[in-house]
Amino acid sequence: MGLLSSSVSVTRYKIKGNLEKPVLEKVYNGLTQNAIPEIDDDHLEKIVGWTSFENPYVPDFEGSSFVIGPYLVFSMRLDRKSIPPKVIQKHYAIEMARQLEKSGRQYLSRNEKKSIKDHVIDVLSLRIPATPNIYDLIWNIEESWLWFFSNLKAANEELETLFSKSFQLSPIRLFPYTTADLMFGLSDADRDLLLQLSPTKFTE
Amino acid sequence: MLDVAVSYNQYKFLGYEFLTWLWFIMENQQEILKESDKELVSLDIGNRIVLENNKTDSIESITIKGDKAGLEEGILSLQKGAVVTELNLIYKAGNNEWRFNIKGESLDISSLKTPETGPVETKEDIETALLEKVFLYEKIFVLMNNLYKHFIRLRVTNRWEKDIVPGIRKWIAS
């Protein structure tokens, strides 16, 4: 779901740590070094990387194109090849029959069956294009926050890993505890009290 | 700081209590809403409330859907010991309206619909629309942050047990 969609879902992060200067160059390097490659002609089933907000199918970060006003705006792309189970089943059956005929045997061992299945998935992965999923994000370096436009657990986990790897910074997801602990300037005494809280009973 | 996964699960009750308190102040203490956003005209429950009752051995989840989502059924669930886990809210400021869901356990915002922005036809339009959208999204994040901050500041004081909880109990029972 894109940033400019009529309806969006947003997960908010606090970014821990600071980028070394020159900041935009560091961001550019992080983006280009971790830009998403194409896997249509590859055996890989899944790949994740950065892409441009305005043109997500051709990643291009030249000329600080990822800077819009005070924000950095780009996208995470997660490409996945999903082969329908029935297609795997069909090609597996064909390959099994071929192997049995070739060997003149009536049965194949468990290992042989596994190896046939792996081979079938490998071959099909080369023939099936990856389905791209694009998730936009906005990063305000000055204020150390980031909005990621998805609430999906798997997409958020991919973002956290890719972001840390690309920029050597820790994105901390803002949920009830982290929001209270990091965002409101609580005193040390109040932070200790926060740790000791237990659920309230609203009925007697 | 605590481990993220541990603190997420251990303190998600704070998000549930926040939404329960939020419903209470929407009904009884509108002035807190105005303090949190000077431009606020109204903040109301939209078409969905989700509650959860952990009182017995099993977890009971109650979803109330529909415009003006059944407040009576919701109150009945609160009387049985449930807390609010998700709300659909309608925020109005000036002549504009925002709609969104907020989930207690994560404070994630979903299905956020802002007032309409201008059409996007050129590259320059994208930048303008983006900055406009960010401004509109931020209105909701700032509002929710201010309200949650107000809640947390109450929650770590004696006032919570002494004044606020009795008030909420009275409202639930009424």
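Quick look at the structure, then. Every value quoted in this text rests on a predicted model; they were computed, and no experiment measured them.

### What about the overall build of chain B?
For chain B, the count of helices and strands is six helices and five strands. In chain B, the succession of α and β elements from N to C terminus is α-α-α-β-β-α-β-β-β-α-α. The dimensions of chain B, computed from C-alpha atoms along their principal axes, are 55 × 40 × 30 Å. Per-residue burial over chain B gives 50% buried out of 174 residues. Restricting to contacts in chain B with at least 6 residues of sequence separation, those with at least 24 account for 58%. With an accessible surface of roughly 8600 Å², chain B has 48% of that area assigned to carbon and sulfur atoms. For chain B, the distance from the average position of its 22 positive side-chain charges to the average position of its 27 negative side-chain charges is 6 Å.

### Considerations on the side chain of D79(A)
All names here are of chain A. Position of D79 among the secondary structure elements: in strand 4 (residues 71–80). At 2.6 Å, the side chain of D79 forms a polar contact with the side chain of R77. Apart from the residues within four sequence positions on either side, D79 is in contact with I36, I39, E45, K46, I47, A130, T131, P132 and N133.

### Some thoughts on unusual backbone geometry
All names here are of chain A. Put simply, K21 and P22 share a cis peptide bond, and its omega is -5°. Counting through the fold element by element, P22 comes out in the loop between strand 1 (8–16) and helix 1 (23–33). Phi at S144 is positive, roughly 55°, even though this residue is not glycine. Relative to the elements of secondary structure, S144 occurs in the loop between strand 5 (131–140) and strand 6 (145–148). Judged by relative accessible area, which is 16%, S144 ranks as buried. Although it is not a glycine, Q168 adopts a positive phi angle of roughly 55°. Assignment of secondary structure puts Q168 in the loop between helix 4 (153–167) and strand 7 (170–173).

### What about the interface of chain A and chain B?
Reports of interface size often rely on the accessible area that becomes lost once the parts have come together. In this complex, chain A contributes 49 residues to the contact, which on the side of chain B involves 50 residues. Both faces combined, the contact of chain A with chain B buries some 4400 Å², and carbon together with sulfur accounts for 67% of it. One can count zero salt bridges joining chain A with chain B. On inspection of chain A and its partner chain B, the count reaches 13 residue pairs in polar contact (both at pLDDT 80 or more). Listed by contribution, the elements that provide at least two residues to the side of chain A that touches chain B are strand 1, strand 4, strand 6, helix 5 (176–183) and helix 6 (188–196) of chain A.

### Some remarks on the pairing of strand 6 of chain A
All names here are of chain A. The alternating pattern of strand 6 places W145 and W147 and L146 and F148 on opposite faces, both of which are buried. Bridging between strand 5 and strand 6 involves four bridges; their strand directions are antiparallel. Counterpart to W139 in the pairing with strand 6 is L146. Two successive antiparallel strands, strand 5 and strand 6, enclose a turn made up of four residues, where S144 displays a positive phi of approximately 55°.

### A few points about the nonpolar core
Judged by nonpolar contacts, the single largest core of 76 residues is most densely connected at F18(B), W21(B), L22(B), L43(B) and M144(B). W50(A), W139(A), L162(A) and F167(A) belong to the second-largest nonpolar core, a separate cluster that totals 23 residues.

### Here's the deal with the packing of aromatic side chains
Inspection of the entire model under this criterion finds 27 aromatic pairs over all chains. Here W50(A) and F163(A) contribute two aromatic rings whose centre-to-centre distance is 6.5 Å and whose plane-to-plane angle is 90°, an arrangement assigned as edge-to-face. Highlighted residues: W50(A) in strand 2 (residues 46–52) and F163(A) in helix 4, separated in sequence by 113 residues. By relative accessible area, W50(A) is classed as buried at 0%. Residue classification places F163(A) among the buried positions, given a relative accessible area of 0%. With 6.3 Å between their ring centres and 55° between their planes, F74(A) and F167(A) make a pair best called tilted. Here the residue F74(A) occupies a position in strand 4, and F167(A) occupies one in helix 4, the gap between them amounting to 93 residues. For F74(A), a relative accessible area of 0% gives the class buried. Following the ring pairs from residue to residue traces out a cluster consisting of F184(A), F202(A), F18(B), W21(B), Y148(B), F151(B) and W160(B). For the cation-ring pair, K117(A) lies above Y92(A), with the distance from its terminal atom to the ring centre recorded as 5.6 Å.

### A short note on the packing of helix 5 (residues 123–155) of chain B against helix 6 (residues 159–173) of chain B
Residue and element names in this part refer to chain B. Interhelical geometry of helix 5 versus helix 6 gives an angle of 120° and a closest axis separation of 8 Å. Relative to helix 6, helix 5 is oriented oblique. The segment helix 5 lies against helix 6, with F151, L154 and R155 engaging R159, W160 and I164. For the contact of helix 5 with helix 6, the class distribution of residues is four nonpolar, no polar and two charged.

### Thoughts on the environment of L2(B)
Tracing the chain through its elements places L2(B) in the segment before helix 1 (4–10). Residue classification places L2(B) among the partly exposed residues on the basis of a relative accessible area of 29%. Along the sequence, L2(B) and N88(B) sit 86 residues apart, while their C-alpha atoms lie 30 Å from each other. Leave out the neighbours within four places in its chain, and L2(B) touches Y177(A), L195(A), S7(B) and Y11(B).

### What about empty space enclosed by the protein?
Across all of its chains, the model carries one cavity of 30 Å³ or more by this definition. Taken together, R12(A), F18(B), I102(B), L107(B), M144(B), N145(B) and Y148(B) form the lining of the largest cavity. Here the residues of the lining of the largest cavity are counted per class, giving five nonpolar, one polar and one charged.

Rules used throughout
- Residues numbered from 1 in each chain as written.
- Chains lettered and ligands numbered in written order.
- Predicted model: local features only at pLDDT ≥ 70, side-chain atom pairs only at ≥ 80, totals over all residues.
- Heavy atoms only, no water.
- Helix = DSSP H or I, 4+ residues; strand = E, 2+ residues; numbered from the N terminus.
- Buried < 20%, exposed > 50% of the residue type's maximum accessible area, 1.4 Å probe, protein only.
- Contact = heavy atoms within 4.5 Å.
- Areas by Shrake-Rupley, 256 points an atom, 1.4 Å probe, with all protein chains shown as cover.
- Lys, Arg positive; Asp, Glu negative; His and termini not counted.
- Charge placed at Lys NZ, Arg CZ, Asp CG, Glu CD.
- Polar contact = N/O pair within 3.5 Å; in protein donor to acceptor, adjacent residues only side chain to side chain.
- Buried area = accessible area lost by both parts, 1.4 Å probe.
- Salt bridge = Lys/Arg side-chain N within 4 Å of Asp/Glu carboxyl O.
- Pairing = 2+ DSSP bridges.
- Core = buried A, V, L, I, M, F, W, Y, C linked by side-chain atoms within 4.5 Å.
- Phe/Tyr/Trp six-rings, centres within 6.5 Å; stacked < 30°, edge-to-face > 60°.
- Lys NZ or Arg CZ within 6 Å of the ring centre and 35° of its normal.
- Axes fitted to C-alpha atoms, helices over the stretch in contact; angles between N-to-C directions.
- Parallel < 35°, antiparallel > 145°, perpendicular 65-115°, else oblique.
- Nonpolar A, V, L, I, M, F, W, Y, C, P; charged D, E, K, R; others polar.
- 1 Å grid on protein atoms, 1.4 Å probe; cavity = no way out; pocket = protein on both sides within 12 Å on 5 of 7 lines; lining within 4 Å.
- Points joined across faces, edges and corners; volume = space filled by probe spheres on them.

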